[in-house]
Amino acid sequence: MKAERSLKSLCARSWNRGPAASTYTPRCRDILRNFVLGISGARPTWTPANFIEQTVEEIRRRVDEHARATGSDGKVICALSGGVDSSVTATLLHRAVGEQLTAVFVNNGLLRHGEAEETLEALQANLGVKVEYVDATPRFLAALKGVTDPEEKRRRVGATFIEVFEEAAGRLGEVDYLAQGTLYPDVIESATSASKAAARIKTHHNVGGLPEHLRFRLVEPLRYLFKDEVRQVGLALGLPEEMVWRQPFPGPGLAVRVIGEVTAERLETLRAADRIVREEIASAGLARKVWQYFAVLTPLRSVGVMGDQRTYADVVAVRAVAAEDAMTADWARLPYDVLARISHRIVNEVPGVNRVVYDVSSKPPATIEWE
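This structure is a prediction, so every number in the text was calculated from the model and none was measured.

Draft legend 1. Representation of the overall build of the protein within the structure. For the protein, the helix and strand inventory stands at 12 helices and nine strands. When each of the 371 residues of the protein is scored for burial, the buried share is 54%. A total accessible area of about 16800 Å² is found for the protein, and carbon and sulfur atoms account for 51% of it.

Set out below in structure tokens:
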């Protein structure tokens, strides 16, 4: 990695090993920048344009060499969610291998309100990539039935994704590679071989959630980038801003925002609450100012009063954080009137919810997601 890239990675590793705190080691980047650029004499040559050129060439060379060695067609499928990570990955792959790429967009039933339709429309309008749509909602819900442990949820979502991709690949003929938008924080938190010194925080479905024996060779061009860098690359690739700045969303989707067992009914409750959170933050002009914001359906129920009637209903938590790269984060100081509108709308518009709480925890010691 180039000098400037290494600074952020080293700071991330320093945080991961160090004491619980809401920021990096004090002046970590200044200390490392002085060592890397001053003492070592390295040069900050990483740019989005350089990254695109080098990555496209590397992918093309790797796929072509394997195709020649095996006599295959060098086909690639890309796991596409419609988020910036997978969209940038698909665009890089398309530049590298062209028609050898097919993107597979899986509706796992764990998406946000209206997301499947919006994603399909955005992908077809902007990427120019062949997209195969698979609605696997019943399959994912069946895999998650009765599961409450968050690590097991992630493992099952990851395993089911791979099953769906393998079946999609079977319909396309012989496929050699699976491309996915794994980022460096995913690698660090999953404590894979690339970060042996780090403790596992949680298994990301696209890293530690993958099965041990995978029939595809993996292509992960963003594996050593952070979210802010991926967005720079996306803009340099010419992707539309609404796609580049789409809210970060976990690979396991709403499965890790429904605390406890995931059911179709609980997912609908969460979708309705989350839609309100996103609408109100956007209408307040805060969408670009807050790193991430969403609703969580807790396993708690509380006593309330609706009209003259006693209620005993669900508790929804609202989470909003300020961050630069998601390795550390602080809770966002949303205006009280925005929080008031969110709470009022959720308890009045979402059936079965009578209480809203706001999460004021930083990362660390908490993570951004609840599971």
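Now that the structure has been shown, we can carry on.
Draft legend 2. Focus on the packing of aromatic side chains. Counted under the stated rule, the structure contains seven aromatic pairs. A centroid spacing of 5.8 Å and a plane angle of 15 degrees characterise the contact between Phe161 and Phe165, whose relative ring orientation is stacked. Of this pair, Phe161 and Phe165 are both found in helix H7 (residues 150-172), four residues apart, which corresponds to roughly one turn of the helix. By way of ring pairs, the aromatic residues Phe140, Phe161 and Phe165 are connected into one cluster. Here the basic side chain of Arg231 rests over the ring of Trp291, its NZ or CZ set 5.3 Å away from the ring centre. The ring of Trp331 carries the charged tip of Arg333 above its face, separated from the ring centre by 3.8 Å.

Draft legend 3. Seen up close, the packing of helix H6 (residues 137-144) against H7. Running from N to C, H6 and H7 point in directions that differ by 145 degrees, and their axes come no closer than 9 Å. Crossing of H6 against H7: the hand is right-handed. Contacts from Arg139, Phe140, Ala143 and Leu144 of H6 reach H7 at Lys153, Arg156, Val157, Thr160, Phe161, Glu163, Val164 and Glu167. Looking at the contact of H6 with H7 residue by residue, the classes come out as six nonpolar, one polar and five charged.

Draft legend 4. The arrangement of the pattern of salt bridges in detail. As enumerated under the stated definition, the model contains 26 salt bridges in all. A salt bridge links Arg223 to Glu220, with the shortest nitrogen-to-oxygen separation between them at 2.5 Å. Relative accessible area serves as the criterion here: at 17%, Arg223 is assigned to the buried category. Note that Arg341 and Glu280 form a salt bridge whose closest N and O atoms lie 3.0 Å from each other. Separated by 61 residues along the polypeptide, Arg341 in helix H12 (residues 336-349) and Glu280 in helix H11 (residues 264-283) bring together distant segments of the chain.

Draft legend 5. Spatial organisation of unusual backbone geometry. The residue after Lys363, namely Pro364, is reached through a cis peptide bond having omega -15 degrees. Structurally, the position occupied by Pro364 is in the segment after strand S9 (353-358). Residues Pro364 and Pro365 are joined by a peptide bond in cis, for which omega reads 10 degrees.

Cut-offs used in this document
- Residues numbered from 1 in each chain as written.
- Predicted model: local features only at pLDDT ≥ 70, side-chain atom pairs only at ≥ 80, totals over all residues.
- Heavy atoms only, no water.
- Helix = DSSP H or I, 4+ residues; strand = E, 2+ residues; numbered from the N terminus.
- Buried < 20%, exposed > 50% of the residue type's maximum accessible area, 1.4 Å probe, protein only.
- Areas by Shrake-Rupley, 256 points an atom, 1.4 Å probe, with all protein chains shown as cover.
- Phe/Tyr/Trp six-rings, centres within 6.5 Å; stacked < 30°, edge-to-face > 60°.
- Lys NZ or Arg CZ within 6 Å of the ring centre and 35° of its normal.
- Axes fitted to C-alpha atoms, helices over the stretch in contact; angles between N-to-C directions.
- Left-handed = near helix turned anticlockwise from the far one by under 90°.
- Contact = heavy atoms within 4.5 Å.
- Nonpolar A, V, L, I, M, F, W, Y, C, P; charged D, E, K, R; others polar.
- Salt bridge = Lys/Arg side-chain N within 4 Å of Asp/Glu carboxyl O.

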